[in-house]
Amino acid sequence: GAVVSQHPSWVICKSGTSVKIECRSLDFQATTMFWYRQFPKQSLMLMATSNEGSKATYEQGVEKDKFLINHASLTLSTLTVTSAHPEDSSFYICSAIAVPGGTQYFGPGTRLLVL
Amino acid sequence: TQLLEQSPQFLSIQEGENLTVYCNSSSVFSSLQWYRQEPGEGPVLLVTVVTGGEVKKLKRLTFQFGDARKDSSLHITAAQPGDTGLYLCAGEGGSGGSNYKLTFGKGTLLTVNP
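To start, this report covers the structure provided alongside it. (Residues numbered from 1 in each chain as written. Chains lettered and ligands numbered in written order. Predicted model: local features only at pLDDT ≥ 70, side-chain atom pairs only at ≥ 80, totals over all residues. Heavy atoms only, no water.)

1. A look at the overall build of chain A
Argument step 1. Within chain A one finds zero helices and eleven strands.
Argument step 2. Counting only C-alpha atoms, chain A reaches 40 × 25 × 20 Å along its principal axes.
Argument step 3. Within chain A, contacts between residues at least 6 apart in sequence are counted, and of these 55% link residues at least 24 apart.
Argument step 4. Surface exposure of chain A reaches about 5600 Å², of which carbon and sulfur atoms provide 54%.
Argument step 5. Of the side-chain charges in chain A, 9 are positive and 8 negative, and the distance between the mean point of each set is 5 Å. (Helix = DSSP H or I, 4+ residues; strand = E, 2+ residues; numbered from the N terminus. Contact = heavy atoms within 4.5 Å. Areas by Shrake-Rupley, 256 points an atom, 1.4 Å probe, with all protein chains shown as cover. Lys, Arg positive; Asp, Glu negative; His and termini not counted. Charge placed at Lys NZ, Arg CZ, Asp CG, Glu CD.)

Here it is in structure tokens:
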């Protein structure tokens, strides 16, 4: 089956620093990747949708200047949390689809803790 | 704004019992998916239902999509401790929504005690 990886799996950083999270589709080319955030014992909230070679589309209430998304190739999307603060601490999950309307394959998630 | 309401939010049962989780919405979805998520991991797709009235079975799990494609249920027979996890429903392509994007319910946290 299709595999999506994320790196790192967990990261601890100081407040004010920036953190980059990578999302890769390992055995397929992803036309579209999605970034979600999940707080403890809560559901997944879509943050943004990214298509290779174009600007990401952000959901209402998500600051695009704070959460920078780059979908540089058909197998890699990155999420950079800029000037991270403790309230940004969360579980960040990406997903990828091979074809429009296809199944979303989820990565294992990245746990971010901002001190 | 599309909403998917899941119930119950928490469920703790003994091994061998049966249970049903519900997912309801006022929106019509082109498809609805059920996921299971374990702590610290991404969600894993269990099933996708597309046709109104559709019933799918996956071993001890039975999934049903409502005739109007607004609601769904997940029934587990003879639950086992390995079924413990967060069960999430997600709708795709709801009325007024964009294609391909998933709207997730809040999830049902299931604990099956040995």
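There's plenty left to go through after this.
2. A look at the sheet that holds strand β8 (residues 71–76) of chain B
All names here are of chain B.
Argument step 1. Judged by pairing direction, the sheet is antiparallel, and its five strands sit side by side in the order β1-β3-β8-β7-β6 without closing on themselves. Bordering the open sheet on either side are β1 (5–7) and β6 (55–58), each of which pairs with just one other strand. Pairwise comparison of adjacent strand axes, ignoring direction, gives a mean angle of 15° for this sheet.
Argument step 2. Bridge count between strand β7 (residues 61–65) and β8: five bridges; the pairing is antiparallel. Counted as the bridge partner of Gln64 is Ser73 from β8. (Pairing = 2+ DSSP bridges. Axes fitted to C-alpha atoms, helices over the stretch in contact; angles between N-to-C directions.)

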